[in-house]
Amino acid sequence: QVQLVESGGGLVQPGGSLRLSCAASGVTYSTYCMGWFRQAPGKKREGVATITSDGITSYADSVKGRFTISVDNAKDTLYLQMNSLKPEDTAMYYCADYSDYDCNALDAWGQGTLVTVSS
(Lines give C-alpha, C1' and ligand atoms only; values in the text may rest on other atoms or scores of the structure.)
Protein backbone atom coordinates (compact mmCIF):
# COMPACT_ATOMS: atom_id res chain seq x y z
CA GLN A 1 0.00 0.00 0.00
CA VAL A 2 1.45 3.33 -1.09
CA GLN A 3 1.71 6.04 1.54
CA LEU A 4 2.58 9.62 0.69
CA VAL A 5 3.42 12.41 3.14
CA GLU A 6 3.88 15.97 1.88
CA SER A 7 5.75 18.80 3.55
CA GLY A 8 7.22 22.18 2.73
CA GLY A 9 4.17 24.36 2.24
CA GLY A 10 3.79 27.76 3.80
CA LEU A 11 3.25 31.46 3.27
CA VAL A 12 5.43 33.15 0.67
CA GLN A 13 5.38 36.54 -1.04
CA PRO A 14 4.73 36.84 -4.76
CA GLY A 15 7.91 36.15 -6.67
CA GLY A 16 9.23 33.91 -3.93
CA SER A 17 10.12 30.22 -3.93
CA LEU A 18 9.17 27.08 -2.06
CA ARG A 19 10.22 23.46 -2.32
CA LEU A 20 7.65 20.80 -1.55
CA SER A 21 8.70 17.30 -0.54
CA CYS A 22 6.80 14.02 -0.60
CA ALA A 23 8.07 11.02 1.32
CA ALA A 24 6.82 7.86 -0.36
CA SER A 25 6.62 4.36 1.01
CA GLY A 26 5.20 1.17 -0.39
CA VAL A 27 6.17 1.94 -3.99
CA THR A 28 7.59 -1.39 -5.05
CA TYR A 29 7.24 -1.34 -8.82
CA SER A 30 10.17 -0.42 -11.04
CA THR A 31 8.14 1.60 -13.52
CA TYR A 32 5.95 4.35 -12.18
CA CYS A 33 4.47 7.75 -12.56
CA MET A 34 4.27 10.18 -9.68
CA GLY A 35 3.28 13.80 -9.57
CA TRP A 36 1.63 16.75 -7.91
CA PHE A 37 -1.81 18.21 -8.22
CA ARG A 38 -3.40 21.16 -6.46
CA GLN A 39 -6.80 22.37 -5.48
CA ALA A 40 -7.77 25.89 -4.52
CA PRO A 41 -10.98 26.65 -2.59
CA GLY A 42 -13.97 26.57 -4.90
CA LYS A 43 -11.90 25.39 -7.86
CA LYS A 44 -11.42 22.12 -9.67
CA ARG A 45 -8.43 19.92 -9.02
CA GLU A 46 -5.55 20.78 -11.35
CA GLY A 47 -2.68 18.55 -12.33
CA VAL A 48 0.59 20.42 -11.81
CA ALA A 49 3.41 18.09 -12.84
CA THR A 50 4.28 14.44 -13.32
CA ILE A 51 7.46 12.41 -13.61
CA THR A 52 7.95 8.83 -14.72
CA SER A 53 10.53 6.27 -13.66
CA ASP A 54 12.37 7.08 -16.91
CA GLY A 55 12.62 10.72 -15.88
CA ILE A 56 10.04 12.00 -18.35
CA THR A 57 8.38 15.11 -16.97
CA SER A 58 5.20 16.95 -17.84
CA TYR A 59 3.87 20.28 -16.59
CA ALA A 60 0.66 22.23 -16.66
CA ASP A 61 0.92 25.28 -18.90
CA SER A 62 0.28 27.51 -15.90
CA VAL A 63 3.51 26.41 -14.18
CA LYS A 64 5.86 25.69 -17.09
CA GLY A 65 9.19 27.45 -16.68
CA ARG A 66 8.52 28.15 -12.99
CA PHE A 67 8.08 24.73 -11.36
CA THR A 68 10.41 21.73 -11.51
CA ILE A 69 9.51 18.20 -10.46
CA SER A 70 12.23 15.75 -9.46
CA VAL A 71 12.70 12.51 -7.57
CA ASP A 72 15.43 11.13 -5.35
CA ASN A 73 15.03 7.38 -5.66
CA ALA A 74 17.61 6.71 -2.95
CA LYS A 75 15.49 8.67 -0.49
CA ASP A 76 12.10 7.66 -1.93
CA THR A 77 11.24 11.34 -2.05
CA LEU A 78 9.48 13.42 -4.67
CA TYR A 79 10.07 17.16 -4.90
CA LEU A 80 8.40 20.17 -6.45
CA GLN A 81 10.58 23.26 -6.72
CA MET A 82 8.34 26.29 -7.17
CA ASN A 83 9.87 29.59 -8.27
CA SER A 84 8.36 32.95 -9.23
CA LEU A 85 5.25 32.13 -7.27
CA LYS A 86 2.05 34.01 -8.03
CA PRO A 87 -1.07 34.56 -5.92
CA GLU A 88 -2.94 32.23 -8.27
CA ASP A 89 -0.61 29.41 -7.18
CA THR A 90 -2.28 29.48 -3.77
CA ALA A 91 -3.78 26.04 -3.16
CA MET A 92 -3.50 22.79 -1.28
CA TYR A 93 -0.82 20.73 -3.02
CA TYR A 94 -1.04 16.96 -3.07
CA CYS A 95 1.56 14.36 -3.93
CA ALA A 96 0.15 11.68 -6.21
CA ASP A 97 0.92 8.14 -7.27
CA TYR A 98 -0.49 6.84 -10.54
CA SER A 99 -1.11 3.17 -11.20
CA ASP A 100 -0.13 3.48 -14.85
CA TYR A 101 3.06 4.64 -16.51
CA ASP A 102 1.09 7.07 -18.69
CA CYS A 103 0.04 9.08 -15.61
CA ASN A 104 -3.69 8.75 -16.23
CA ALA A 105 -4.95 6.60 -13.37
CA LEU A 106 -4.62 8.42 -10.05
CA ASP A 107 -4.21 5.74 -7.42
CA ALA A 108 -3.10 7.35 -4.14
CA TRP A 109 -2.41 10.78 -2.71
CA GLY A 110 -1.25 12.33 0.52
CA GLN A 111 -2.94 14.64 2.99
CA GLY A 112 -1.71 17.76 1.22
CA THR A 113 0.39 20.76 2.14
CA LEU A 114 -0.94 24.32 1.94
CA VAL A 115 0.82 26.93 -0.18
CA THR A 116 -0.26 30.53 0.24
CA VAL A 117 1.19 33.23 -1.98
CA SER A 118 0.36 36.65 -0.64
CA SER A 119 1.97 39.96 0.23
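Residues numbered from 1 in each chain as written. Predicted model: local features only at pLDDT ≥ 70, side-chain atom pairs only at ≥ 80, totals over all residues. Heavy atoms only, no water.

A. Structural context of the state of the cysteines. On inspection of all chains with the given rule, the structure shows 2 disulfides. With a sulfur-sulfur separation of 2.1 Å, cysteine 22 is cross-linked through a disulfide to cysteine 95. Where cysteine 22 bonds to cysteine 95 through sulfur, the torsion about that S-S bond is close to -75 degrees, and the disulfide is left-handed. Pair noted here: cysteine 22 is in strand E3 (residues 18-25) and cysteine 95 is in strand E9 (residues 91-98), with a separation of 73 residues, a long-range link. Here cysteine 33 is linked by a disulfide to cysteine 103, with a sulfur-sulfur distance of 2.0 Å. Residues cysteine 33 and cysteine 103 are joined through a disulfide that is right-handed, its torsion about the S-S bond being 110 degrees. (Disulfide = S-S within 2.5 Å. Helix = DSSP H or I, 4+ residues; strand = E, 2+ residues; numbered from the N terminus.)

B. Representation of the nonpolar core in the model. Trp36, Val48, Phe67, Leu78, Leu80, Met82 and Tyr93 are the most contacted members of the largest nonpolar core, which totals 28 residues. Counting residues per element, the ones that place at least two in this core are E3, strand E4 (33-39), strand E5 (46-52), strand E7 (67-72), strand E8 (77-82), E9 and strand E11 (113-117). Here this core takes 4 residues from E3, the largest share from any one element. Ranked by size, the runner-up nonpolar core spans 6 residues in total, among them Cys33, Phe37, Tyr94 and Tyr98. (Core = buried A, V, L, I, M, F, W, Y, C linked by side-chain atoms within 4.5 Å. Buried < 20%, exposed > 50% of the residue type's maximum accessible area, 1.4 Å probe, protein only.)

C. Fine view of the environment of aspartate 61. In this structure, aspartate 61 sits in the loop between strand E6 (57-59) and E7. Looking at aspartate 61, the relative accessible area reads 66%, which means it is exposed. Taking the C-alpha atoms as reference, aspartate 61 lies 9.7 Å from alanine 49; in sequence the two are 12 residues apart. Engagement of the side chain of aspartate 61 in a polar contact is seen with the side chain of lysine 64, the distance being 3.2 Å. (Polar contact = N/O pair within 3.5 Å; in protein donor to acceptor, adjacent residues only side chain to side chain.)

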